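# Topology and contacts: notes
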Amino acid sequence: MQSTNVISPDSAFLAAVASRSDQPISLCYQCRKCTNGCPLTFAMDIMPNQVMRMIELGMRDELLRSKTIWVCASCQTCSTRCPNDIDIAHLMDSLRQLSRESGNVAEPKILKFHEAFLASIRCHGRTFELGMVARYKLSTLDLFSDLAVSLEMFKRGKIGFLPDRIKGRRVVRRMFGKRRRGTR
Amino acid sequence: MKVSYYPGCSLHGMAVEYDESIRSVCNAIDVDLVELADWNCCGASSAHFIDDELAVRLPARNMLIAEREGRELLVPCPGCFQGLKHADKELKKAPSRWTDESYEGRAPVSHVSEFFHRRELLEKIIQEVTKPLTGVAAVAYHGCASQRPPKLTDAESPENPITMEELLRAIGIEVRPWSYKTDCCGASLTLTRLDIIHKLSGDLFDAAVEAGAECMVTDCPMCQSNLDTRQTEIEALRGTPYGLPVFYITELLAMALGEEKPDRWWKKHFVDPVPLFRNKDLM
């Protein structure tokens with residue numbers, strides 16, 4: 001007997017994504033303009049138009065542990081071209097946030113990079129490139145990749161050794177406190 | 001003409017030559033830049049990954065400072081530009097959600113190419129050119145965030161911008177047509193998924209060479225850094241010697257407007273632009 005993969009639609013997930021993203025997800029009529037214009041599809045496990053349908057079907061786990069939501073580079077081509085004015089790139093943000101909260105992240109290095117970036121802002125009010133990269137490298141234990149490029153950057157004076165700290169950094173730090181779920 | 005200036009973190013770090021060349025161009029055409037007081041990072045490509053609120057609050061603080069200063073705000077980095085435009089729109093929509101201050105939007109946000117392309121400034125540039133860069137063939141590479149999404153950026157022609165192209169023609173450069181001017185180079189993944197960079201940026205190099213370009217010109221510090229620093233390894237992977245210098249539009253504008261010491265910028269480039277200039281008798 002042929003086996004069938006049965007999906008029981010779960011509208012709770014659609015409602016959760018819709019409320020977080022404020023996007024009219026159900027307007028999607030699968031024209032695939034998003035997927036056809038997306039430059040990252042070669043690195044994705046679920047195509048952008050499939051993401052739209054899977055949100056509607058409530059396929060929460062498949063989406064939140066997908067690579068797609070993390071390799072999306074936020075280039076906004078999909079959002080620019082969607083005939084129904086759905087901000088698909090912003091939906092990817094919402095899915096990444098939900099994935100982070102679920103603790104099941106398919107591309108942990110990408111998440112750690114953005115966490116290191118925000119930690120730098122939280123600390124100094126501005127990004128301190130050297131500190132941010134050091135934090136990222138330590139958190140991923142990916143210490144030796146890009147050594148040649150880094151040395152070349154030092155040689156060319158493209159990397160500053162001291163952070164640029166702003167006076168209003170306490171105000172900036174408080175912005176991080178106002179959040180649903182904090183970044184470290 | 002006096003404008004507020006938000007350099008952003010990159011221009012105080014890796015992209016210092018972008019900052020210096022913007023100042024040089026402004027100096028040559030009498031634009032007075034006033035750096036925004038105590039500006040903070042806009043959150044760039046990271047804040048919206050993790051927290052939508054933070055992605056507004058960080059740039060909103062800068063927009064409130066700009067509002068108090070009450071002048072147009074020039075923003076060279078497309079990532080910052082997009083974030084600040086987003087905050088400007090959210091502040092206009094519901095100011096009380098973000099601040100106790102009043103907000104009318106007295107500091108319109110402009111990005112570099114669109115700013116210098118404005119009629120009176122473009123005319124001034126044409127007037128002040130002392131050293132046209134004749135004979136150099138280039139492709140203009142706009143990338144993503146200065147154009148998309150048009151709802152935020154207010155870009156006039158997000159699929160086919162022409163601002164940088166017209167600026168380059170004004171200083172004597174031959175602009176080669178190509179269809180990759182707003183394709184993504186992948187820069188935000190440069191530390192995390194190098195394989196993706198190699199594909200996206202490699203395709204851009206192939207297309208630039210096919211278009212007959214001898215160099216690429218951009219107005220984005222992430223794109224410049226990515227295309228410049230990753231080019232050698234992509235050459236090795238694809239077995240193609242591209243040798244394409246990647247310029248900031250303002251480096252070339254400044255050079256054409258008579259900047260005396262552009263050499264200090266060329267030393268910052270991984271792909272050395274000096275042979276190209278020598279070849280064209282521009283050095």
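Residues numbered from 1 in each chain as written. Chains lettered and ligands numbered in written order. Predicted model: local features only at pLDDT ≥ 70, side-chain atom pairs only at ≥ 80, totals over all residues.

## Describing the pairing of strand β5 (residues 137-141) of chain B
Residues in a regular strand project their side chains so that they alternate between the two faces of the sheet. Residues and elements named next belong to chain B. The element β5 is extensively covered by neighbouring structure, given that 4 of its 5 residues are classed as buried. The sheet contact formed by β5 and strand β6 (residues 174-175) spans 2 bridges and is parallel. Counterpart to Ala-138 in the pairing with β6 is Val-175. (Buried ≥ 20, exposed ≤ 12 C-beta atoms within 10 Å, placed from the backbone. Helix = DSSP H or I, 4+ residues; strand = E, 2+ residues; numbered from the N terminus. Pairing = 2+ DSSP bridges.)

## Here's the deal with the interface of chain B and chain A
Of the residues lining the interface, 42 residues belong to chain B; the matching set on chain A comes to 46 residues. Those elements that place two or more of their residues in the side of chain B that touches chain A are α3 (44-50), α4 (54-69) and α11 (194-210) of chain B. For the side of chain B that touches chain A, the element with the most residues is α3 of chain B, which contributes 7 residues. (Contact = placed C-beta atoms within 7 Å.)

## Here we look at the confidence of the model for chain B
Confidence in the prediction for chain B averages 97 pLDDT; 100% of positions are at 70 or higher. Taken over the whole predicted complex, pTM reads 0.95, whereas the ipTM for its chain interfaces reads 0.95. (pLDDT = per-residue confidence, 0-100.)

## Topic: the sheet that holds strand β3 (residues 73-75) of chain B
All names here are of chain B. One open sheet accounts for 4 strands, arranged β2-β1-β3-β4; its pairing is parallel. Strand pairing shows two members of the sheet lacking a second neighbour, β2 (32-35) and β4 (109-111), which therefore form its edges. With direction set aside, neighbouring strand axes in the sheet form an average angle of 40°. Inspection of the sheet shows strand β1 (residues 2-5) paired to β2 by 4 bridges, in the parallel sense. Bridging across to β2, Ser-4 finds its partner in Val-34. (Axes fitted to C-alpha atoms, helices over the stretch in contact; angles between N-to-C directions.)

## Points about the domain arrangement of chain B
All names here are of chain B. For chain B, the assigned domains read domain 1 (2-113) and domain 2 (131-279). Each of domain 1 and domain 2 has a C-alpha centre, and the two are 23 Å apart. The interface is formed by 24 residues belonging to domain 1 together with 26 residues belonging to domain 2. The set of elements that each furnish at least two residues to the side of domain 1 that touches domain 2 consists of α1 (8-11), α2 (16-28), α5 (78-93) and α7 (112-117). The biggest single contributor to the side of domain 1 that touches domain 2 is α2, with 8 residues. Along the lines of polarity and charge, the residues of the side of domain 1 that touches domain 2 split into 11 nonpolar, 9 polar and 4 charged. (Domains from an automatic or database assignment. Nonpolar A, V, L, I, M, F, W, Y, C, P; charged D, E, K, R; others polar.)

## A word on the domain arrangement of chain A
Frequently, the measure chosen for interface size is the accessible area that the parts lose on association. For chain A, the assigned domains read domain 1 (11-102) and domain 2 (108-177). Each of domain 1 of chain A and domain 2 of chain A has a C-alpha centre, and these two points are 29 Å apart.

## Details of the packing of helix α8 (residues 108-124) of chain A against helix α9 (residues 129-140) of chain A
Residues and elements named next belong to chain A. One way to put it is that α8 packs onto α9 with a least axis distance of 9 Å and a crossing angle of 140°. Considering only the axes of α8 and α9, their crossing is right-handed. Every residue of α9 that contacts α8 at Lys-109, Lys-112, Phe-113, Ala-116, Phe-117, Ala-119 and Ser-120 is listed here: Gly-131, Met-132, Arg-135, Tyr-136, Ser-139 and Thr-140. (Left-handed = near helix turned anticlockwise from the far one by under 90°.)

## Remarks on the confidence of the model for chain A
Residues with a pLDDT of 70 or more make up 95% of chain A, whose mean pLDDT is 91. Predicted confidence is poor over residues 180-184 of chain A, with pLDDT under 50, and the contacts of this stretch with residues over four places away or in other chains come to 9 contacts.

## Details of the sheet that holds strand β7 (residues 215-218) of chain B
Residue and element names in this part refer to chain B. Read from one edge to the other, the open sheet built from 4 strands follows the order β6-β5-β7-β8, with strand pairing classed as parallel. Each edge of the open sheet carries a strand with a single partner, namely β6 and β8 (246-248). Judged from the 3 bridges that link them, β7 and β8 form a sheet pairing that is parallel. The partner of Met-216 across the bridge, within β8, is Val-246.

## Quick word on the nonpolar core
In this structure, Ala-138, Met-216, Val-217, Leu-252 and Leu-253 of chain B are the most contacted members of the largest nonpolar core, which totals 131 residues. In this structure Ala-138 of chain B touches Leu-168, Ile-173, Val-175, Arg-176, Ala-213, Glu-214, Cys-215, Met-216 and Val-217 of chain B, once residues within four positions along its chain are discounted. (Core = buried A, V, L, I, M, F, W, Y, C linked by C-beta atoms within 7 Å.)

## Brief notes about the packing of helix α1 (residues 11-21) of chain A against helix α7 (residues 88-102) of chain A
All names here are of chain A. Put simply, α1 and α7 touch, their axes get as near as 9 Å, and they point 115° apart. α7 is crossed by α1, and the crossing has right-handed handedness. Where α1 approaches α7, its residues Val-17, Arg-20 and Ser-21 are matched on the opposing element by His-90, Leu-91, Ser-94, Leu-95 and Gln-97. Within the contact of α1 with α7, the residues separate by chemical class into 3 nonpolar, 4 polar and 1 charged.

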